[in-house]
Amino acid sequence: MNETSQAVPAKPQGSPPSGAEKIGRRKFLSWFGLAWVSFAAATTGALSIVLRYLFPNVIFEPPTNFKAGFPGDYEIGVVDERWKEKFGVWMVRSPEGLYALSTVCTHLGCTPNWLVNESKFKCPCHGSGFYKSGINFEGPAPRPLERYRVALAEDGQILVDKSRKFQQEKGEWNNPESFLPL
Amino acid sequence: MIELFKELVDAVSSPVTIFTGAVVVFLLFVTFPRQAASKGGGLTLLFLVLAFFGVGLTDKHFRSIVSAPDNVPIVGMIFIFGYFTWYAMRKAVENDRRMEKGEPTVEQAETNDKVLVFPYLIFIEFVVALAYAVGLVLWSLFLKAPLEEPANPTVSPNPSKAPWYFLGLQEMLVYFDPWIAGVLLPTLIILGLCAIPYIDRDPGNSGFYCYQKRRLGIQVYLFGFWVLWILLIVVGTFLRGPNWNFFGPFERWDVHKVVPLVNVNLSDLLFIKWLGWGLPKEWYLREAPGILLIFTYLILPPAVLAKTVLKGLCKKLEPVRYSILMFLLLVMLSLPIKMYLRWAFNLKYLVAIPEFFFNI
C-alpha cells in the first residue's frame, strides 16, 4: 500500500485548475448561509402545506355536544342505548339521576355490549366487564368507564358534553357536572 | 359413548387444565426425548390427535369452528409444527447417540466440505416456492376470505378476534395491562430472539442437530414457542367464544354464558382481605408491596442461582450476559406465573396504579 501511494506523483501545489476562480472565505460563508436559509425556508414551507393537509376543511363527525331529549324520556334503572350508534354514549337513569357513560372500553378501546340479563357491560375483545355504574369488576380493564358532562339546557332537554370527561379513579365522579340529579 | 366423551372433555376443559396439560406434555417431551422422537412415539401422538379430530368432527359445533376458513390454517399448523418438532428431535436424538459412541454426526459423516448455495440450495428453494405458490392458489380458490359489512366503530363483533398470528397476544392481554402485553412483551420477544447469538456464543455444537449439549436452549425455545405461543393461538382460535369467555371444544358458543371473573388487585387482597386495614391513600404506599415483590422476583432468583445451581453458566457467560439471559427468562416465565395467579387467586394486577396507566 505504502509503495503504491508513494508511486503516485504529488500534485503540484498552489496552482488551481484553469477556469476556477478563487472565492474568499467571507463570500463563501455568506453564500453558504444564504443557501441554508433558503433551503430551510423551502422545507418549512413544504412541511407547513403537509400540516395544513392534516386539518381537513370539512369533518363528517358528530358534534361533541348534543341534546339527548327530556329527562322523562328515560326509564329508571334502564341503560339507554339510543345514542350509542351515533355519539358513543350510554345514558343511564338511576333513581337519583342520570349519567352519560362512554362506550369505549378502558382496556384497548373496543365497544362493550350491554347485557340486560346479566346487568353488566361486557367487552367482546378481552372479556372486561363493567357494572351499570361503569365500575370495572372483571377482565383486564384497568379502570372504570369514563363519564361525560351532563347538564340541563334552557329548554329543559339534557345536554351531553363529550369534551368533558370524568374518570372515577381520579375522584372526578364527585364533580357535580358528571351527574344530573333528577 | 361419543356423547359421554364429549361431555367429559367439555367438563375438564378450562384454561387451567389445558395450560397445565400442555406443560406436562412439554415436560414429558423434553425429559424423554428418545421415546418421544421414536417412530412409535410420533405415531402414537399423531394417532391421538387424529382420533380427537375424528371424534370431534362428528360434532356439529366442533365442525363449524374447525372448518371456518379463518381457522383451517390453525388446524394445519398443529400438524405441521408437531411434525417438524418431532422430526428435528429425531435428528437430534440420532446425533446424540452417535456422539455418545464417539462417531461423527450425520451431517459430519455426509460431508465436512462446504457446499455452494448456488445451485444446491437455490434449486431446492425454487422447487419449494413453486409448490408453495400452487398451494396458495388452491387455498384462495377453496377457502373464501369473509367479506363483511362496512366497519362501524360503535359495533365490535362478538367475539372480536385478532388475526390468527396475534391471537397469542390477545390471550396475553387477558392477563396483562395493554402496554405490557401489547408493547413491552412483544418488544422483549423480538429483542430476546435477536440476542440469542450474542448470549450463546459457543460455536462447539453448531452445524448439526443435537439435544443433550443444547438442552437449555432447546427447552426454553420449545416452552416459549409451543406452550406460550402456539398453544395460546390454538386456545384463542378454537376455545374463546363470545365475550372472550372460555368454551370447551364441543360446547355451544352461548352469548349469555355467565362466568364470574371478579378480579382483585394485590393491594386489595393484602390491605383489605388479609390485614383488614383498608387501602392506604397514597399510591406509593398502596403499591409498595407489589413493587417490592416485582423487584425481588427479578433480582433474587438470578443472584441465588448464580451462587448455587448455575454457577458454571454464570462463569461461562460472564455477569452481563448472564443477567440479560436471566432477565429474559424471568420475563418469559412471568406470563405463566401471572396466568396461574389469576386462576388461583383471581389476581388482577400485582402493581395497579391507574393514576399513571401503570399496571403490572
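Here is what the cut-offs are and how they apply
Residues numbered from 1 in each chain as written. Chains lettered and ligands numbered in written order. Predicted model: local features only at pLDDT ≥ 70, side-chain atom pairs only at ≥ 80, totals over all residues. Heavy atoms only, no water. Helix = DSSP H or I, 4+ residues; strand = E, 2+ residues; numbered from the N terminus. Buried < 20%, exposed > 50% of the residue type's maximum accessible area, 1.4 Å probe, protein only. Contact = heavy atoms within 4.5 Å. Areas by Shrake-Rupley, 256 points an atom, 1.4 Å probe, with all protein chains shown as cover. Pairing = 2+ DSSP bridges. Patch = residues over 30% accessible without salt bridge, like charges linked within 9 Å, V, L, I, M, F, W, Y side chains within 5 Å. Salt bridge = Lys/Arg side-chain N within 4 Å of Asp/Glu carboxyl O. Core = buried A, V, L, I, M, F, W, Y, C linked by side-chain atoms within 4.5 Å. Domains from an automatic or database assignment. Buried area = accessible area lost by both parts, 1.4 Å probe. Polar contact = N/O pair within 3.5 Å; in protein donor to acceptor, adjacent residues only side chain to side chain. pLDDT = per-residue confidence, 0-100. Phe/Tyr/Trp six-rings, centres within 6.5 Å; stacked < 30°, edge-to-face > 60°. Lys NZ or Arg CZ within 6 Å of the ring centre and 35° of its normal.

How would you sum up the overall build of chain B? Please name residues and give values.
When helices and strands are counted, chain B shows 15 helices and two strands. For chain B, the residues scored as buried account for 35% of the 360 residues in total. Considering only contacts within chain B whose residues lie at least 6 apart along the sequence, 70% involve residues at least 24 apart. When the accessible surface of chain B is summed, it comes to about 22,000 Å², and 73% of that surface belongs to carbon and sulfur atoms.

Requested: an account of the overall build of chain A, with residues and values cited.
Along the backbone of chain A there are three helices and eleven strands. Going from N to C terminus, chain A has its helices and strands arranged as α-α-β-β-α-β-β-β-β-β-β-β-β-β. The 182 residues of chain A split such that 40% are buried. The contacts of chain A with a sequence gap of at least 6 include a subset with a gap of at least 24, amounting to 45%.

Any details on the side chain of N265 of chain B? Residues and values, ideally.
All names here are of chain B. Within the secondary structure, N265 is located in the loop between α11 (215–239) and α12 (266–274). Since its relative accessible area comes to 16%, N265 is described here as buried. Excluding residues within four positions of it along the chain, N265 makes contact with L347, K348, Y349 and A352.

Describe the sheet that holds strand β7 (residues 129–130) of chain A, with residues and values.
Residues and elements named next belong to chain A. Reading across from one edge, β5-β6-β7-β8 is the order of the four strands in this open sheet, with antiparallel pairing throughout. The open sheet is flanked by β5 (113–115) and β8 (136–138), the only strands paired with a single partner. Of the strand pairs in this sheet, β7 and β8 are connected by two bridges, and their pairing is antiparallel. From the neighbouring strand, G129 faces β8, where its bridge partner is E138.

How would you summarise a nonpolar patch on the surface if you had to cite specific residues and measurements?
There is a patch of nonpolar side chains on the surface, built from I23, F28, L29, F32, W36 and F39 of chain A and spanning about 670 Å² of accessible area. Among the secondary structure elements, F32 of chain A is positioned in helix α2 (residues 25–53).

Let's hear about the pattern of salt bridges: which residues, and what values?
Residues and elements named next belong to chain B. Within the structure shown, the criterion is met by 20 salt bridges over all chains. The partner of K6 in a salt bridge is D59, and the shortest N-O contact between them spans 2.8 Å. A residue pair is termed long-range when its members are at least 10 positions apart, and K6 in helix α1 (residues 2–12) and D59 in the loop between α4 (39–56) and α5 (60–66) qualify at 53 residues. Both residues of the pair, K6 and D59, count as buried. Here E171 ties to R240 by a salt bridge, and the two come within 2.6 Å at their closest N and O atoms. Taken together, the residues E171 in helix α9 (residues 167–173) and R240 in the loop between α11 and α12 connect sequence positions 69 residues apart. Residue class for E171 comes out buried when judged on its relative accessible area of 2%.

How would you explain the nonpolar core if you had to name every residue and give the values?
All names here are of chain B. In terms of nonpolar packing, the biggest core is built from 67 residues, with F19, M172, F176, V227, F238 and L335 touching the most fellow members. With twelve residues, α11 is the largest single contributor of residues to this core. Viewed by domain, this core spans two of them, domain 1 (1–108 + 166–175 + 208–259) and domain 2 (260–360), each represented by three or more residues. Those residues within four positions of F19 in sequence are excluded, and the remaining contacts are V227, L228, L231, P336, M339, Y340 and W343.

Account for the domain arrangement of chain A, with residues named and values stated.
One can read the domain layout of chain A as domain 1 (23–60) and domain 2 (65–181). Distance from the C-alpha centre of domain 1 of chain A to the C-alpha centre of domain 2 of chain A: 48 Å.

Can you tell me about the interface of chain B and chain A, naming the residues and giving the values?
On the chain A side, the residues contacting the 30 residues of chain B number 25 residues. Taken together, both faces of the contact between chain B and chain A bury some 2,200 Å²; the carbon and sulfur share is 51%. Counting the contacts that link chain B with chain A gives zero salt bridges. Across the chain B-chain A interface, the total number found is six residue pairs in polar contact (both at pLDDT 80 or more).

Talk me through the confidence of the model for chain A; I want residue IDs and the actual numbers.
Overall, the predicted model of chain A reaches an average pLDDT of 85, with 89% of residues at or above 70. Considering each helix and strand of chain A separately, the mean pLDDT is smallest for helix α1 (residues 2–7) of chain A, with a value of 46, and largest for α2 of chain A, with 94.

So what's going on with the pairing of strand β9 (residues 147–152) of chain A? Residues and values would help.
Residue and element names in this part refer to chain A. Sheet topology note: the strand β4 (residues 97–102)/β9 ladder contains two bridges and is antiparallel. Across the sheet, the residue bridging to A100 is Y148, located in β9. Bridge analysis of β9 against strand β10 (residues 158–166) gives six bridges, and the strand direction is antiparallel. Counted as the bridge partner of V150 is V160 from β10. In this structure, the hairpin formed by β9 and β10 is closed by a connection of five residues, where G156 is found at a positive phi of approximately 85 degrees.

Go over the domain arrangement of chain B with me, naming the residues and quoting the values.
Residue and element names in this part refer to chain B. Annotation of chain B at the domain level lists domain 1 (1–108 + 166–175 + 208–259) and domain 2 (260–360). The distance between the C-alpha centroids of domain 1 and domain 2 comes to 28 Å. With 16 residues of domain 1 at the contact, the number on the domain 2 side is 14 residues. In total, about 1,400 Å² of surface goes out of reach between domain 1 and domain 2, with carbon and sulfur atoms giving 79% of it.

How would you explain the pairing of β10 of chain A if you had to name every residue and give the values?
Strand direction decides the pairing type here: strand β1 (residues 65–67) of chain A and β10 of chain A, joined by three bridges, are antiparallel. Looking across to β10 of chain A, one finds that K67 of chain A is bridged to L159 of chain A.

Mind laying out the packing of aromatic side chains, listing which residues take part and the relevant values?
One pass over the structure, following the stated rule, counts 33 aromatic pairs over all chains. Between F53 of chain B and F62 of chain B, the ring centres sit 5.9 Å apart and the planes meet at 65 degrees, which makes this aromatic pair edge-to-face. Neither residue differs from the other here; F53 of chain B and F62 of chain B are each classed as buried. Between Y221 of chain B and F225 of chain B, the aromatic rings sit 5.6 Å apart at their centres with planes inclined by 10 degrees, giving stacked as the arrangement. Placement of both Y221 of chain B and F225 of chain B in helix α11 is noted, with a separation of four residues, approximately one turn of the helix. Taking relative accessible area as the criterion, F225 of chain B reaches 23% and is therefore assigned partly exposed. Taken together, the aromatic side chains of F5, F52, F53, F62, F79 and F250 of chain B make up a single cluster linked through ring pairs. When the ring centre of Y74 of chain A is taken as origin, the NZ or CZ atom of R82 of chain A, which lies over that ring, is 4.6 Å away.

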